[in-house]
Amino acid sequence: GENVEQHPSTLSVQEGDSAVIKCTYSDSASNYFPWYKQELGKRPQLIIDIRSNVGEKKDQRIAVTLNKTAKHFSLHITETQPEDSAVYFCAASTFQGAQKLVFGQGTRLTINP
Amino acid sequence: GAVVSQHPSWVICKSGTSVKIECRSLDFQATTMFWYRQFPKQSLMLMATSNEGSKATYEQGVEKDKFLINHASLTLSTLTVTSAHPEDSSFYICSALGTSGRKTQYFGPGTRLLVL
């Protein structure tokens, strides 16, 4: 089955700087890669997603890149703000079959003012 | 749109009792819902996939007789933790699969279960 590895587990950056979180996946059949933000005690919220037919997607300060050959994808947050502090999870899935999400281990991002 | 609710948000129970958690899609129909368990400072672990009108599909290592899942309608799935024990204490989160081509999973707010 699919296995998703996420790094780093913790990340601390100065406000205004950029943050990058990386994930690798094992199943070449995976074709959908969402990123979720989870604040303490709350539900995961989708912040951006990408399909395997696209190499990059951007939404304001957030961007995701995908390298299908190397089976890795990354989340980029620019001009970080204190409210970006949270735990971020990457995930991988397919549009066919069970469409289950397999999550990475999570990255605790702290933005220092 | 695409709102998923869960009830209750918090439950404390005695060891050996059963607890039922409801997951509802409020403004869309969900033929597929998923149940996850999340321990403190850990990732979301899929427990089972719930399909409307059919038996749930459980992940390896999840006891189907302990975690009973029912998906009787297109907007409601329930998870019953039977004979709960302290090690079942966790944050249980459901998600519902959107019906648009995007196939996004929308998460409920979670239920925190504490078994004494």
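These remarks concern the structure in this document. Every value quoted in this text rests on a predicted model; they were computed, and no experiment measured them.

### A closer look at the nonpolar core
B:Trp35, B:Tyr58, B:Phe67, B:Ile69, B:Leu79, B:Tyr92 and B:Leu113 are the most contacted members of the largest nonpolar core, which has 25 residues in total. Of all the secondary-structure elements, those providing two or more residues to this core are strand E2 (10-13), strand E3 (19-25), strand E4 (32-38), strand E5 (45-51), strand E7 (67-73), strand E8 (76-81), strand E9 (90-97) and strand E11 (111-115) of chain B. Residues A:Val4, A:Ile21, A:Trp35 and A:Ile111 belong to the second largest nonpolar core, which totals 23 residues.

### A look at the interface of chain A and chain B
Contact with chain A, which involves 21 residues of that partner, is made by 23 residues of chain B. Across the chain A to chain B interface the summed buried area is about 1700 Å²; carbon plus sulfur atoms make up 52%. Put simply, chain A and chain B have one salt bridge between them. One salt bridge connects B:Glu59 with A:Lys100, and the closest N-O pair in it is separated by 3.0 Å. Counting the contacts that link chain A with chain B gives seven residue pairs in polar contact (both at pLDDT 80 or more). Class assignment for the residues of the side of chain A that touches chain B results in nine nonpolar, five polar and seven charged.

Conventions adopted
- Residues numbered from 1 in each chain as written.
- Chains lettered and ligands numbered in written order.
- Predicted model: local features only at pLDDT ≥ 70, side-chain atom pairs only at ≥ 80, totals over all residues.
- Heavy atoms only, no water.
- Core = buried A, V, L, I, M, F, W, Y, C linked by side-chain atoms within 4.5 Å.
- Buried < 20%, exposed > 50% of the residue type's maximum accessible area, 1.4 Å probe, protein only.
- Helix = DSSP H or I, 4+ residues; strand = E, 2+ residues; numbered from the N terminus.
- Contact = heavy atoms within 4.5 Å.
- Buried area = accessible area lost by both parts, 1.4 Å probe.
- Salt bridge = Lys/Arg side-chain N within 4 Å of Asp/Glu carboxyl O.
- Polar contact = N/O pair within 3.5 Å; in protein donor to acceptor, adjacent residues only side chain to side chain.
- Nonpolar A, V, L, I, M, F, W, Y, C, P; charged D, E, K, R; others polar.

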